[in-house]
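Coordinate analysis (summary)
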Amino acid sequence: MSSDHLARAHGAVAGGGHGEVMAMPELESYRDPEAGKPRADYGDADIYRDEKSFNEHTLRPMFTTTPAYFIFVGALALVMANGFAWFTVQMFVGMGVTGLHEPVFWGSYIATFVFWVGMSHSGTIVSSILRLSQANWRRPILRAAEAMTAFSLLVAGLFPLIHVGRQWRVYYMFPFPNQRMLWPNFKSPLMWDFCAIGIYLTGSMTFLYIGLLPDLAAARDKAIADGNWRQHYLKALALGWRGSHREWAVYNKCSLFLAVVILCIAPSVHTIVSWDFAMTMTPGWHTTIFGPYFVLGAIYSGVAAVITLMILLRWIFKLDDVIREMHIDCLGKLLIVIAILWTYFYFTEFNVTWYSHKPEEWEIWEWQGRRFPHLLWLMVGGSVLTIFLLAWKDIRRSMKAMFAISLLVNAGMYTERYLIVVPVLTRRDNAFMWTDYFPSFTELSVIAASFAYFVFLYAVFIKLFPIVTMADVKEGVLISGDMRLGRHVARVQVKE
Amino acid sequence: MKSFNYKRQNNYSWGMTIDLDRCNGCGACVVACQAENNVASVGAEQSGKERNMHWLRIERYIEGTYPDVKVRFLPMMCQHCERAPCESVCPVYATYHNPEGLNVQVYNRCIGTRFCGNNCPYSVRFFNWWDPAWDADQANQLNPDVSLRERGIMEKCSMCMQRIRRAKDHAKDEGRPVADGEIQPACAQTCPTRAITFGDRNDPDSKVHELMHSGRAINLFEEKGTHPAVKYLKGGAAHVI
Amino acid sequence: MDRRSFLKLGALSATAGAAGACGQVAQKVIPYVTIPDDGVNPVDGYYYATTCQECNAGCGVIVRTVNGRAKKIEGNAAHPISRGSACARGQAAVQRVYHPERLSKPLALKGPKGSGAFEPVSWEEAVEILGKKLLGAEGQVFYLNNGANDLCSGIAAAVFGAMPGFMMAGNRDPGVESQFAGGADLREYPRVPYPDLENAEFSLLFGADIFESDRSPVFFGRAFGASRRDRASIRGRLVYAGSRLSSTAAACDKWIPTPPGRLGILALSVAHVVVETVISRGLAQSIPRNAMGRFSDALATYAPDKVAAELETQPDVIRRLALPFVEEAPAVAIAGDDMAGHTNGVAGVDAVEFLNMISYEIGREKLRIKPRLTPEPDYDLAARMAGWFGLAPDQQSFRRLKKLTDDALSGRFKVGIISHTNPVFDTPAPLKFADALKATPFVAVFASFMDETAALADLILPDYHWLEGWSAEMPVFAPGVPVLNLRQPVVAAYRDARAQGDILLAAARRAGMATPADSVDGYLLKFIAKFRAEMLDIPPLLTDREALEYLLRRGGWWPSTTEAEPEPAPGHERLWKFKDRLAANPPLFEGAQEGAFHLHPYQTAHLGRGAGANQAWLQEAPDPITTLMWQSWIEMNPSSAARLGLVEGDLVTVTSPHGSITAPLFPYPGIRPDVVALPLGYGHTNYGALATGLGANPMALLGLAMDDRSGALAWRSQMVTVKKAGGSVKMLRNAHPEGEYKGEIFQL
């Protein structure tokens, strides 16, 4: 599809503004000319009739707020306040309020940190892969996924702060020298981590924001038309987007560029997180597979989280027409691939340890099997079972089943993080110091608060920004259609 | 008189040997270390949570079953590795290798990521889970040479750095190098069986040098390649009765 | 400088120190550890020589003080007992000086006895009270200490000794009197010898927990280290026989489990092999053949083949244990707790002495350096010195303590004085010492802390910690040379304490008694004057005070060489005395019944008999064997535990005819399946916040069985039943229950 065409199409949508009802003639082509029944994906819903109804529909979650929303946010605030209170106690009293002890210096905080960093790989990486591979079904889910990246990174970024012993000295890690020209130690994986997460957060925030621009403009127009208070920040944030040809050209280039950049950064981030473990000489952590294994695990949990979120959005905001079964189906297929790869990695890690029979590594596995059999089953069962379950189309298309499966996958992945951190540290090299660990109430509160914080950020985001990638959907609508080939009708799409 | 150029000529490399054939596990070193280095007692509850701060501990291993039982003692403290796993992972250089071969913990620099503790195969780094507490009476005993630590930082055996500095100061005042045996860490000084020997590994005439080259010296976790400055002297005999 | 000005100076420096320390506890002082090379040099401090009194071993120590505060205790390198080292308890002594629960004022009882209704009184009032009571006591006074031969016991003996009804006793570590008495008639002076472990190539320990009892674990530690590795090509081998693999046994090369009370038989069996070998090889020509024949006859019943079954070992093992005693290399046998703690204890110690003597004779003949047995160059001097301090050895037996208690129960005493010992806690319950205190109209207790005994006192007198006052003592165990230990005020008194000697003297004056001196330092000077007359190597031109200072700088007096060779003893004559003694009675066990266990109470290296239980450092230092902290336990062989369906941490009730206690189980493979072991020192009921209620006191289980010959408490002769109490506790152990069996990771 030529940029000219695209520009025209977008210009028609966004540039035309909200007030002016424009027909979307291309939509007609989706309808089966014979049956007059929807047969294509963008088919039946009235929302696709014209842009206004589409905008109205997709912006409804943003502009319409029920009391239930405030109750929900209030509940989240309570959980967050509880976690924050315990964290404050921890900071002023000491790390002793956690369940950590020698030599389990890292515990559930770090496991949760890895989990959230992993979650962040859903969005942006999935989004850029799908963008670059031009998967057409990606369109409505991009925003939700990208926002997830940004927010889970924000949550993840809190954990190093929560975890360290002296929060008030954390700035020693900032990459600038002190008065004695002493820089931080760039040999430490934690510094790589610090930098990688910083870059990734910046990159994915930018990615999210750039992607938001056309939709911000649409929302701005609606807000102005409705006299809604959101117009104030929307005006500023939309950067005066008008949908001009040049804007679209820059926008497209920028998105493409960012997609490529993010695609490079994202694996490096989780690889580096894995190096926090793999670079040590600790048996059970010191393995070369950790990099790809973590990245894949991250994508795995991320995609599952996207599914969870999509289904929730669909259900809460009645976005069934935008986020359709087809999308969940496609995500399910993606999940199968990742699950198979992840299972393969897990198998490899286990198999190599098992075969080489290094006593210290065996001990960790044995201990893990004895101490956490239920968690082990949850983790392995969660991933392997997923492969089989998702093989059925009926399951992939059943929202309830997919919701359950996605939760199962993430429960399994959270468990995996816990099992990476804890059993290894409770069975260190020095057998005299073997021990056990259980997170304290403080840790559980803070972790619960991190989940609440994530949902809270998301909930607030939904009310302030368009959650559906409207421009992308509209583009998809514009560029696809049916083509008659004799008696058959085939879906075709203009190549981007 | 002051011909010995302290700065230029000192080429110390501190090391320690622990003779496992001499150690009887009495635990005098444990308490001596605690008294010398202002190591806080953590109390029964925290002991139960395995948060003891003993920089030096005596590990006790049991071999065999009744009646052929053998109990071994293994004093364990920071091994002051030449290639210390803890040093490279600290993001803020709170632990580093000083020019005299010691692994040094800079309390004020530490932010408490505890990465060093995770990477220490000997598990000899200790974290201040709480602010260490001394009541007003007990504070009278605190050694003024050793700084108190606050919550949230790592600490560990310093090889009685304060004693090394004191001996070096005296030696410097007298314009001579530190003599062998002049420095004794608290554990070595109190050890009734003389299992612990401390000295300059670079001095070919030092006791510690002799012991390290006695053929009995081993490194713990040799396979890790940490090159500890603390060597253990193997003991035991094939023939007993 | 007289004492007053010394104290003034001390007080001044203490004030200065206190003023400096009054602000908040320095949280961020960063001296040596991080400052650059040429940073400030904090004050080095002052070092004083004195003598540790945490137990009765008498180790010389050097104390570092900074700003008038004691900071650190090190061994005195010149001292023949400590030889530059200190044990855990000695190291922890500074913690007692600055213990927050240390009593700061004399306390007078205002309510009924045992009510704990004490009120602080001034020292003048306290002296007045004690003096009045002594005045009305008409000599019916007892003085009980922990068995130390020090200046206080000397003053007590000098002040009260002339009174007809006065009785003195020492509350010694259980069982040590048997170690005294064994082979007593072989020695001019009946004291337990320090066996020459240092020069031995082979040491056979008969239940001798030399690193855990107060026969100076420091001295023995040094000797052990030297035996192992001080000689270029010789490595000393040690074998431990006993019913529990103690921390001493762990340091040895081999542990031979023996049934309780049978160590004497093992010693006799070893002696049998030695005697037979001597005869068959024609060794030890100095011993008349008929004597050897007599020994051979006497020992015939102890041939390895005959007793191996009783000892539950192989005859061959006994033969191999005996061989080193007839071979060229020096060998020594050491008797200890597990032998002396039974009703036949002295017989066993005799056998050990016999073994050493005969081995010594063999070695002497071969003109080889053999282990010195007890080179005490001047037995007369040692005996006289001991006499100066008041407490004769026979006054230190448990039998004597029992007599004192029985007398007190019958109401014989009007005044009791107890000095730094806690018999209510650390003597068996059937002794009824608490009742004896209640039956005595007035009891004054010198104690730095409220404890079980002080709680039953009428007057509690918090005297000096040993770092604060003057004293001199004669160590109970001789390290081969006679030793006089001195103590000096290293720091000024931290609390409002007074010297015990001063209080005793002042109270005696108040009661109109004759006193040997005005003050404790005056008494010390008199003592030094007397002492100089005996000792030639104090520079003669010094005044008495200068001589005292001369000695104080060293920490005491001992011969300048410790290498004094013993007089060649008429070995065969001494040996001949054994002719009728080479027999061990079967041990008597109280409470024997089906399924009963032998109770094996023992002193741990850190808590001893329990005085250290209120010290955080000692409670937190993991026990060497169990690695447990902050709790007591009961050790049982895993096979017995499995039979009773018990796992680690299960609470079990241990019952004897005298009482019953509950403790958590610690399965330990280093103990015989028919024995359970319990540590002393736990189970305080009134000893400050840290110790009270912590663990269980095995003294509640013991009866009063004694060794007839020595009058020692046979504290290992009790049998108990063990059953599950229900419930379990978390064991506060340092070693991981699985990891502790993985020592092979270090490839040692």
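Just so you know, these numbers come straight off a predicted model, no measurement behind them.

Criteria and thresholds
Residues numbered from 1 in each chain as written. Chains lettered and ligands numbered in written order. Predicted model: local features only at pLDDT ≥ 70, side-chain atom pairs only at ≥ 80, totals over all residues. Heavy atoms only, no water. Helix = DSSP H or I, 4+ residues; strand = E, 2+ residues; numbered from the N terminus. Buried < 20%, exposed > 50% of the residue type's maximum accessible area, 1.4 Å probe, protein only. Areas by Shrake-Rupley, 256 points an atom, 1.4 Å probe, with all protein chains shown as cover. Contact = heavy atoms within 4.5 Å. Core = buried A, V, L, I, M, F, W, Y, C linked by side-chain atoms within 4.5 Å. Buried area = accessible area lost by both parts, 1.4 Å probe. Salt bridge = Lys/Arg side-chain N within 4 Å of Asp/Glu carboxyl O. Polar contact = N/O pair within 3.5 Å; in protein donor to acceptor, adjacent residues only side chain to side chain. Nonpolar A, V, L, I, M, F, W, Y, C, P; charged D, E, K, R; others polar. Expected span 1.5 Å × (residues − 1). Arc of directions from axis to C-beta. Axes fitted to C-alpha atoms, helices over the stretch in contact; angles between N-to-C directions. Parallel < 35°, antiparallel > 145°, perpendicular 65-115°, else oblique. Left-handed = near helix turned anticlockwise from the far one by under 90°. Patch = residues over 30% accessible without salt bridge, like charges linked within 9 Å, V, L, I, M, F, W, Y side chains within 5 Å. Pairing = 2+ DSSP bridges. pLDDT = per-residue confidence, 0-100. Phe/Tyr/Trp six-rings, centres within 6.5 Å; stacked < 30°, edge-to-face > 60°. Lys NZ or Arg CZ within 6 Å of the ring centre and 35° of its normal. Disulfide = S-S within 2.5 Å.

A word on the overall build of chain B. Summing up its helical and strand segments, chain B has eight helices and ten strands in all. Expressed as a percentage of its 241 residues, the buried residues of chain B come to 71%. Approximately 7,400 Å² of chain B is accessible, and the part contributed by carbon and sulfur atoms is 51%.

What follows deals with the overall build of chain C. Per the secondary structure count, chain C includes 25 helices and 23 strands. Out of the 748 residues in chain C, the part that is buried amounts to 65%. Partitioning the contacts of chain C with sequence separation of at least 6, the portion at a separation of at least 24 is 73%. Carbon and sulfur atoms make up 54% of the accessible area of chain C, which amounts to about 24,300 Å² in all.

Counting 270 residues, the largest nonpolar core has Tyr458(A), Tyr232(B) and Leu467(C) as the members making the most contacts within it. For this core, the element with the highest residue contribution is helix 10 (residues 290–316) of chain A, accounting for 16 residues. Those residues in contact with Tyr458(A) that lie beyond four places of it in its chain are Ala144(A), Ala145(A), Ala147(A), Met148(A), Phe151(A), Leu309(A) and Ile467(A).

Below, the discussion takes up the interface of chain C and chain A. Listed per partner, the contact involves nine residues of chain C and nine residues of chain A. Together, the buried faces of chain C and chain A total about 740 Å²; carbon and sulfur atoms form 59% of this surface. At the junction of chain C with chain A, the criterion picks out three salt bridges. Where Glu738(C) meets Arg427(A), a salt bridge forms, and the shortest distance between an N and an O atom there is 3.3 Å. Seen at the junction of chain C and chain A, the total is three residue pairs in polar contact (both at pLDDT 80 or more). Of the residues in the side of chain C that touches chain A, the class split is three nonpolar, four polar and two charged.

What follows covers the pattern of salt bridges. Under the criterion given, the structure shown has 70 salt bridges over all chains. Note that Glu74(C) is salt-bridged to Arg163(B), the shortest N-O span being 2.7 Å. With one member in each of two chains, Glu74(C) in strand 3 (residues 69–75) and Arg163(B) in helix 6 (residues 161–173) form a pair that bridges those chains. In this structure, Glu74(C) and Arg163(B) share a single accessibility class: buried. Two residues, Lys579(C) and Asp580(C), come together in a salt bridge whose shortest N-O distance is 3.8 Å.

A few words on the side chain of Asp426(C). By the secondary structure assignment, Asp426(C) is in helix 17 (residues 423–426). When residues no more than four places from it in sequence are discounted, the contact partners of Asp426(C) are Asn171(C), Arg609(C) and Met699(C).

Our focus in this paragraph is the interface of chain C and chain B. In this assembly, 104 residues from chain C lie in contact with 88 residues from chain B. Both faces combined, the contact of chain C with chain B buries some 7,900 Å², and carbon together with sulfur accounts for 54% of it. Summed over the shared surface of chain C and chain B, the result is eight salt bridges. Scanning the region where chain C abuts chain B turns up 34 residue pairs in polar contact (both at pLDDT 80 or more). Of all the elements, helix 7 (residues 217–229) of chain C adds the most residues to the side of chain C that touches chain B, at nine residues. Of the residues belonging to the side of chain C that touches chain B, the class tally is 59 nonpolar, 20 polar and 25 charged.

With respect to the helices and strands, the residue Pro624(C) is situated in the loop between helix 23 (616–620) and strand 19 (634–636). Looking at Pro624(C), the relative accessible area reads 7%, which means it is buried. C-alpha of Pro624(C) to C-alpha of Ala250(C): the two residues are 374 residues apart in sequence and 9.4 Å apart in space. Beyond its immediate stretch of four places on either side in the chain, Pro624(C) contacts Gly25(B), Cys26(B), Arg60(B), Phe73(B), Ser247(C), Ala605(C) and His606(C).

All names here are of chain C. If you check helix 4 (residues 123–135), its first and last C-alpha atoms are 18 Å apart, about what 13 residues at 1.5 Å a residue would give, namely 18 Å. Restricting attention to buried positions, one finds in helix 4 the residues Trp123, Ala126, Val127, Leu130, Gly131 and Leu134. The arc enclosing the buried residues of helix 4, seen along the axis, measures out at 130 degrees, which places them on a common side. Contacts from the buried residues of helix 4 go to strand 6 (141–145), helix 5 (151–160), strand 12 (415–419), strand 13 (442–446), strand 14 (459–461) and helix 19 (500–510).

Residue and element names in this part refer to chain A. Contact pair helix 11 (residues 325–356) / helix 12 (residues 359–371): the axes reach a minimum separation of 9 Å and the direction vectors enclose 120 degrees. Viewed along their axes, helix 11 and helix 12 adopt a mutual orientation that is oblique. When the axes of helix 11 and helix 12 are compared, the crossing they make is left-handed. Contacts from Tyr346, Glu349, Phe350, Thr353 and Trp354 of helix 11 reach helix 12 at Glu361, Trp362, Trp365 and Gln368. Among the residues making up the contact of helix 11 with helix 12, the classes are represented as five nonpolar, two polar and two charged.

What follows deals with a nonpolar patch on the surface. Judged by side-chain polarity, Tyr171(A), Phe174(A), Phe176(A), Met181(A), Trp183(A), Phe186(A) and Phe194(A) come together as a nonpolar surface patch covering roughly 690 Å² of accessible area. Following the sequence through the fold, Phe186(A) ends up in the loop between helix 6 (142–163) and helix 7 (189–226).

Here we come to the sheet that holds strand 15 (residues 471–473) of chain C. What holds strands together in a sheet is hydrogen bonding between their backbones, with the strands either parallel or antiparallel. Residues and elements named next belong to chain C. With antiparallel pairing, three strands are arranged side by side in an open sheet as 15-16-17. The sheet is open, and its two edges are formed by strand 15 and strand 17 (556–557), each paired on a single side. The strands touched by helix 21 (residues 544–554) are strand 16 (484–487) and strand 17; relative to strand 16, the strand with the most contacts, the crossing angle is about 95 degrees.

A few words now on the environment of Trp130(B). Mapping Trp130(B) onto the fold places it in the loop between strand 6 (126–127) and strand 7 (154–155). Separated by 20 residues in sequence, Trp130(B) and Glu150(B) have C-alpha atoms that sit 7.6 Å apart. If we skip the residues at most four places from it in the chain, Trp130(B) touches Val93(A), Gly96(A), Val97(A), Gln46(B), Arg51(B) and Arg151(B).

Another point: the sheet that holds strand 22 (residues 675–679) of chain C. All names here are of chain C. The six strands are arranged 18-22-19-21-20-23 in a closed barrel whose pairing can be described as mixed. Sheet twist, expressed as the mean angle between neighbouring strand axes with direction ignored, is 45 degrees. Across three bridges, the pairing between strand 19 and strand 21 (residues 659–667) is parallel. When the sheet's bridge partners are listed, Glu635 is paired in strand 21 with Phe666.

With omega at -15 degrees, the peptide bond leading from Glu102(A) into Pro103(A) counts as cis. Positionally, Pro103(A) belongs in the loop between helix 4 (67–93) and helix 5 (108–133). With an omega dihedral of 0 degrees, the bond running from Tyr66(B) to Pro67(B) counts as a cis peptide bond. With respect to the helices and strands, Pro67(B) occurs in the loop between strand 2 (57–63) and strand 3 (70–76). Within the chain, Glu50(B) stands out as a residue other than glycine whose phi angle is a positive 60 degrees. Structurally, the position occupied by Glu50(B) is in the loop between helix 3 (43–48) and strand 2. With a phi angle near 60 degrees, Tyr93(B) is a residue other than glycine that sits in the positive phi range. The topology assignment puts Tyr93(B) in the loop between helix 4 (85–89) and strand 4 (95–97).

Right, let's get into the confidence of the model for chain C. Residues and elements named next belong to chain C. Across chain C, the average pLDDT comes to 84, with 85% of residues at 70 or higher. Scored below 50 in pLDDT, residues 6–41 makes 53 contacts in the model with residues more than four places away or belonging to other chains. Scored below 50 in pLDDT, residues 367–377 shows 46 contacts in the model against residues more than four places distant or in partner chains.

Another point: the packing of aromatic side chains. Here the structure, examined in full by the defined rule, presents 61 aromatic pairs over all chains. With centroids separated by 5.7 Å and ring planes inclined at 35 degrees, the aromatic side chains of Phe115(A) and Phe451(A) adopt a geometry described as tilted. Here Phe451(A) lies in helix 16 (residues 441–464) and Phe115(A) lies in helix 5, a separation of 336 residues in the sequence. Overall, the relative accessible area of 32% leaves Phe451(A) in the partly exposed class. The structure contains a cluster of three or more aromatic residues connected by ring pairs, namely Trp106(A), Phe277(A), Trp285(A), Phe290(A), Tyr293(A), Phe294(A), Tyr300(A), Trp342(A), Tyr346(A), Phe350(A), Trp365(A) and Phe115(B). Looking at Lys463(A), its charged tip hangs above the ring of Tyr69(A), at a distance of 5.0 Å from the centre. In this arrangement the basic side chain of Arg716(C) is found over the ring face of Trp715(C), its NZ or CZ atom lying 4.6 Å from the centre.

Let's shift gears to the state of the cysteines. Working definition of a disulfide: a covalent bond connecting the sulfur atoms of two cysteines. Residue and element names in this part refer to chain B. Inspection of every chain in the model, using the stated rule, returns zero disulfides over all chains. With no disulfide of its own, Cys86 has Cys78 as its nearest cysteine by sulfur position, at a separation of 6.3 Å. Note on Cys86: relative accessible area 7%, which makes it buried.

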